[in-house]
Amino acid sequence: MKREYIFIGPPGSGKGTQTIMLSKEFGLPHVDTGALLRAEIASGSEIGQRANERIKKGQLVPIEIVSEIIKNRLKSKDCQNGFILDGYPRSIEQAQALDAIFKEIDGSNSVDRKVFYFNIAEDSLIERLINRRTCPKCGSIFNLKTMNLDKPICPYCNVELSQRKDDTVDVAKARFETYFKETHPLIDLYSKRNLVYTIDADKDIETVYEQLKRVVEQ
Ligand code: AP5
Ligand code: MG
């Protein structure tokens, strides 16, 4: 059955780390809205410029931009057997847009749809964010403080790791505010549809992944 997995959680809760692992093991495309938007910014497109204005303030990018990007992505051939949504939807309005997209791409076919909620207290997350580094080539995510990297170099690609521009204390605080105001209410919405699986995201990376796998394989 087609798998449609949605990941919701505050900034730094580990959505990217876990969805990359899940994507590799289960062969499902990892659709990361933040990464898609950062690629638009890097390409210098008009969409990227508009997105950048919001991202650097820790605010949501306008819905018409993200929903269009997601719709095109989910219609692609490699998403026919399912996908992992990391960072979309992020508001009630986006959840409604996603319902319409699901109707268009799935019709009345039955699908295995699940929402994973990464539950974690905000306290430890700023530390995680300011120490995050990513590989510009393979997209792997690291933490300078906890991962004991000798140098900020990707061990797989041997290229220098980069830091996201929105991983500063001030922008991270704004992102938390946006999350609690706009995104967190989705847990209630999807709980009413019995789709939510709560994951304790305050555990080490392997333990969080074990929780996820138990749900995916049940
Ligand atoms: P996005 O890129 O999605 O950022 P985010 O939601 O703030 O989440 P992060 O990517 O920062 O965190 P994560 O949960 O993926 O954590 P990670 O695994 O990397 O969005 C960026 C911006 O784009 C938004 O602010 C918005 O402007 C815009 N945008 C995106 N989607 C949008 C949408 N739908 N609508 C409108 N605008 C949108 O891990 C973080 C760190 O913690 C790493 O260093 C990692 O190594 C470490 N770590 C991970 N797991 C653990 C663990 N279990 N224990 C210890 N450390 C861990
Ligand atoms: Mg992420």
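This text goes with the structure placed above it.
No experiment lies behind these values; they were computed from the predicted model shown.

Turning our attention to helix α4 (residues 63–74). Taking 1.5 Å as the rise per residue, α4 with twelve residues should run 16 Å; its terminal C-alpha atoms sit 16 Å apart, in good agreement. Considered for burial, the residues of α4 that qualify are I65, V66, S67, I69, I70 and L74. Buried residues along α4 sit against β2 (30–32), α2 (33–43), α3 (46–55), β3 (82–86) and α5 (92–106).

All right, on to the sheet that holds β3 then. One open sheet accounts for five strands, arranged β2-β3-β1-β4-β7; its pairing is parallel. Single-partner strands in this sheet number two, and they are β2 and β7 (196–200). Neighbour-to-neighbour, the strand axes of this sheet turn through a mean angle of 20°, independent of strand direction. Here β2 runs beside β3; their pairing, made up of three bridges, is parallel. By the bridge assignment, H30 is partnered in β3 with I84.

Moving on, we come to the site of ligand 1. Around ligand 1 sit 34 residues in total, of which T17, Q59, R90, R132 and R175 are the nearest. One of the backbone nitrogen or oxygen atoms of G16 is found 2.9 Å away from an oxygen atom of ligand 1. In the complex, the protein chains occlude 95% of the 1000 Å² of accessible area that ligand 1 would expose alone. Mapped onto the shell around ligand 1, the elements with two or more residues apiece are α1 (15–26), α2, α6 (125–130) and β6 (141–143). Of the residues that constitute the shell around ligand 1, the class distribution is 13 nonpolar, eleven polar and ten charged.

Among the structural elements, R128 can be located in helix α6. Put simply, R128 and D200 are 72 residues apart on the chain and 16 Å apart in space, counted from C-alpha to C-alpha. For R128, the residues in contact, after removing those within four places along its chain, are G12, S13, G14, I120, N143 and A201.

Summarising the element assignment, T19 is placed in helix α1. For T19, a relative accessible area of 0% corresponds to the buried category. At a separation of 3.0 Å, a polar atom in the side chain of T19 contacts the side chain of H30. If near-sequence neighbours (up to four positions away) are discounted, T19 is found in contact with F7, H30, I84 and D86.

Turning next to the pattern of salt bridges. Counted under the stated rule, the structure contains 20 salt bridges. The shortest N-O distance in the salt bridge between K2 and E4 comes to 3.5 Å. Of the residues examined, E4 reaches a relative accessible area of 0% and is grouped as buried. Notably, a salt bridge pairs K145 with E127, separated by 2.8 Å at the nearest N-O pair. Of this pair, K145 sits in the loop between β6 and α7 (169–183) while E127 sits in helix α6, and the two are 18 residues apart along the sequence. We classify E127 as partly exposed; its relative accessible area is 38%.

Cut-offs used in this document
- Residues numbered from 1 in each chain as written.
- Chains lettered and ligands numbered in written order.
- Predicted model: local features only at pLDDT ≥ 70, side-chain atom pairs only at ≥ 80, totals over all residues.
- Heavy atoms only, no water.
- Helix = DSSP H or I, 4+ residues; strand = E, 2+ residues; numbered from the N terminus.
- Expected span 1.5 Å × (residues − 1).
- Buried < 20%, exposed > 50% of the residue type's maximum accessible area, 1.4 Å probe, protein only.
- Contact = heavy atoms within 4.5 Å.
- Pairing = 2+ DSSP bridges.
- Axes fitted to C-alpha atoms, helices over the stretch in contact; angles between N-to-C directions.
- Near = heavy atom within 4 Å.
- Polar contact = N/O pair within 3.5 Å; in protein donor to acceptor, adjacent residues only side chain to side chain.
- Areas by Shrake-Rupley, 256 points an atom, 1.4 Å probe, with all protein chains shown as cover.
- Nonpolar A, V, L, I, M, F, W, Y, C, P; charged D, E, K, R; others polar.
- Salt bridge = Lys/Arg side-chain N within 4 Å of Asp/Glu carboxyl O.

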